[in-house]
Amino acid sequence: MVSNKSDFTQGNILHKLTLFMLPILGALVLQAAYGAVDLLVVGHFGTTAGLSGVSTGSQVLNLVTFVVTQLAMGVTVLIGRYLGEKHPEQIGAVLGGAAFVFSILAAVLFVVMVVFAQPIAVLMQAPEAALGQTVNYVRICGCGIFFIVAYNLLSAAFRGLGDSRSPLIFVLVACIVNIVGDLVLVAGFGLDAAGAALATVLAQAISVVCALVMLRRKDLSFTVRRADVRLNPQCRKFLSIGLPLALQEFLTQFSFLALCAFVNRLGLEASSGYGVACKIVNFSMLIPSALMQSTASFVAQNVGAGNQRRAKQSMYTGLGIGLVIGCAVFALVFWKGDVLAGLFTKNAAVVANAFAYLKGFAPEAIGTAILFTMLGYFNGNNQTVFTIAQGIIQTLLVRLPLAYYMSIQPNANLTNIGIAAPVSTGVGVLLCVGFYVWWNRKLAKQSKV
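In this text the structure is predicted, and so the values were computed from the model without any measurement. (Residues numbered from 1 in each chain as written. Predicted model: local features only at pLDDT ≥ 70, side-chain atom pairs only at ≥ 80, totals over all residues. Heavy atoms only, no water.)

### Quick look at the overall build of the protein
When you go through the protein residue by residue, the secondary structure sums to 17 helices and zero strands. For 449 residues, the compact-globule estimate of 2.2 N^0.38 gives 22 Å, and the protein sits close to it at 21 Å. With the C-alpha coordinates of the protein rotated into their principal frame, the extents come out at 65 × 45 × 35 Å. Relative to its 449 residues, the protein shows a buried fraction of 59%. For the protein, the share of sequence-separated contacts (at least 6 apart) that also reach a separation of at least 24 residues comes to 85%. Working note: accessible area of the protein is about 17600 Å², and carbon and sulfur atoms make up 68% of it. (Helix = DSSP H or I, 4+ residues; strand = E, 2+ residues; numbered from the N terminus. Rg over C-alpha atoms; globule rule 2.2 N^0.38 Å. Buried < 20%, exposed > 50% of the residue type's maximum accessible area, 1.4 Å probe, protein only. Contact = heavy atoms within 4.5 Å. Areas by Shrake-Rupley, 256 points an atom, 1.4 Å probe, with all protein chains shown as cover.)

What follows is the structure in structure tokens.
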């Protein structure tokens, strides 16, 4: 049975959406704190080369983590759909199939990140002085990729069940472990980027253990049988939702990797400054990300229950929340970005480079609040083909060409490179508005038939 708190098909939308979103946001904040703490500790107790190594290496890890998260969104949406349709008996096969698919994915990522760590670092144009540190960070994180994948799959399952609080609890425990690990391994033993990577892997491992324990104690209306752990019919269903989302996220994160490579050519201080800026950017994007995940779950249940009107209302509510907070984040990043960057390092040149990038990037806080909320609505409606289409357009046709053009100018600076993100997001918003109008007309025609 679905509890009243987890039933999104009735009750006040603002109240329920906010209560569901806040734990998701808290978990995302803590998850982002992994990389931020790594950079913070290395920035204060490590070397500039180590700071650059963590900066570049964490970009690679972010690509993997966010792509896996979006792929797992297919599991979240499908579980929510079955709950809305009152068919919880289908969920066991969904989770069993997902466990099989994600195990294969983790094995592939393990080989890529461990065996090809150095070619990846070279491809990222890591500064020569930081090449070894970057390789160490990527390789060690690759060794722990099974935990990272498992954590994101389990979190997706909890969110699909309407429970966003449990992931917050076990990620809180993991974050504390990561902080302690960084202080011991980096500040205490001087392991630099390698120590930061080891602490991150240990923290993720503990988060998986906590998630499994909490899942076993949860009163579930379904069971996962051993026979479910295979390529079953439910795999095609959640992959049809998750794969387009994962591909769209891959393009987005790939664009940030490309930006990192563009910036790395400008030198070690620019590389480190961009890395610091990206940690601040990651935090500024957490509210839009939480809105997208919570809106998708909210919409999926209501679509499953046949209540499209309430699904639309949840999107409008999410837009209102996102815009209010997005404007506040914009102001903070644009005018106080140097103060935020100063939390990670005392190197004046690195702080100046970070602040320069943030000035160009700042409008993204507002644009992404709109974009991600609308994408959450489309994802909940299983319109993920559009999601990938708009991602391809804004990434390959706008963000990367513009960022590259800015980076090769004689007076290239991080502010101009940073502008590429909000410009491409603006294009994405226009595409979403156009598709929403078309989608509403299509639904109206179907309701008259």
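There is more to say after this.
### Focus: empty space enclosed by the protein
Following the criterion strictly, the structure yields two cavities of 30 Å³ or more and no others. Around the second largest cavity, the lining residues are Ser284, Ile287, Pro288, Leu291, Gly322, Ile325, Gly326, Val329, Ala365 and Ala369. Mapped onto the lining of the second largest cavity, the elements with two or more residues apiece are α11 (286-304), α12 (308-342) and α14 (364-380). Considering every element that reaches the lining of the second largest cavity, the biggest residue donor is α12, with four residues. Looking at the lining of the second largest cavity residue by residue, the classes come out as seven nonpolar, three polar and no charged. (1 Å grid on protein atoms, 1.4 Å probe; cavity = no way out; pocket = protein on both sides within 12 Å on 5 of 7 lines; lining within 4 Å. Points joined across faces, edges and corners; volume = space filled by probe spheres on them. Nonpolar A, V, L, I, M, F, W, Y, C, P; charged D, E, K, R; others polar.)

### Remarks on the packing of helix α10 (residues 268-284) against α11
At a closest axis distance of 4 Å, the pairing of α10 and α11 adopts a crossing angle of 40°. For the pair formed by α10 and α11, the contact residues are Asn282, Phe283 and Ser284 on the first element and Leu286, Ile287 and Pro288 on the second. In terms of residue class, the contact of α10 with α11 is made up of four nonpolar, two polar and no charged. (Axes fitted to C-alpha atoms, helices over the stretch in contact; angles between N-to-C directions.)

### Topic: the state of the cysteines
Using the criterion set out here, one finds zero disulfides in the structure. As a non-bridged cysteine, Cys141 has Cys143 as the owner of its nearest cysteine sulfur, 9.2 Å distant. Overall, the relative accessible area of 1% leaves Cys141 in the buried class. Considering cysteine sulfurs only, Cys432 is the nearest to Cys327, which forms no disulfide, with 18 Å between them. Under the relative-accessibility criterion, Cys327 is labelled partly exposed at 41%. (Disulfide = S-S within 2.5 Å.)

### Notes on unusual backbone geometry
We note that Asp192 has phi near 60°; this positive angle belongs to a residue other than glycine. Secondary-structure assignment places Asp192 in helix α8 (residues 192-217).

### Brief notes about the nonpolar core
Counting 88 residues, the largest nonpolar core has Val75, Ile79, Phe102, Phe238 and Tyr357 as the members making the most contacts within it. Among the elements that make up this core, the one with the highest residue count is helix α2 (residues 48-84) (15 residues). Not counting residues within four places of it along the chain, the set of residues in contact with Phe102 comprises Val68, Leu71, Ala72, Val75, Val149, Leu153 and Phe238. Grouped together as the second largest cluster of nonpolar side chains are 18 residues, Ala311, Met315, Phe372 and Tyr436 included. (Core = buried A, V, L, I, M, F, W, Y, C linked by side-chain atoms within 4.5 Å.)

### A few points about the packing of α11 against α12
At a closest axis distance of 9 Å, the pairing of α11 and α12 adopts a crossing angle of 170°. In terms of orientation, α11 and α12 fall into the roughly antiparallel class. For the pair formed by α11 and α12, the contact residues are Ile287, Leu291, Thr295, Phe298, Val299, Asn302 and Val303 on the first element and Gln308, Arg310, Ala311, Ser314, Met315, Gly318, Ile321, Gly322 and Ile325 on the second. Split by residue class, the contact of α11 with α12 holds nine nonpolar, six polar and one charged. (Parallel < 35°, antiparallel > 145°, perpendicular 65-115°, else oblique.)

### Comments concerning the packing of aromatic side chains
Under the defined criterion, the tally for this structure stands at 15 aromatic pairs. Within the aromatic cluster, the residues linked to one another by ring pairs are Tyr316, Tyr377, Phe378, Phe386, Phe435, Tyr436, Trp438 and Trp439. If you follow Lys359 out to its NZ or CZ, it ends over the ring of Phe355, 4.5 Å from the centre. (Phe/Tyr/Trp six-rings, centres within 6.5 Å; stacked < 30°, edge-to-face > 60°. Lys NZ or Arg CZ within 6 Å of the ring centre and 35° of its normal.)

Any functional reading would require information beyond the geometric quantities listed.
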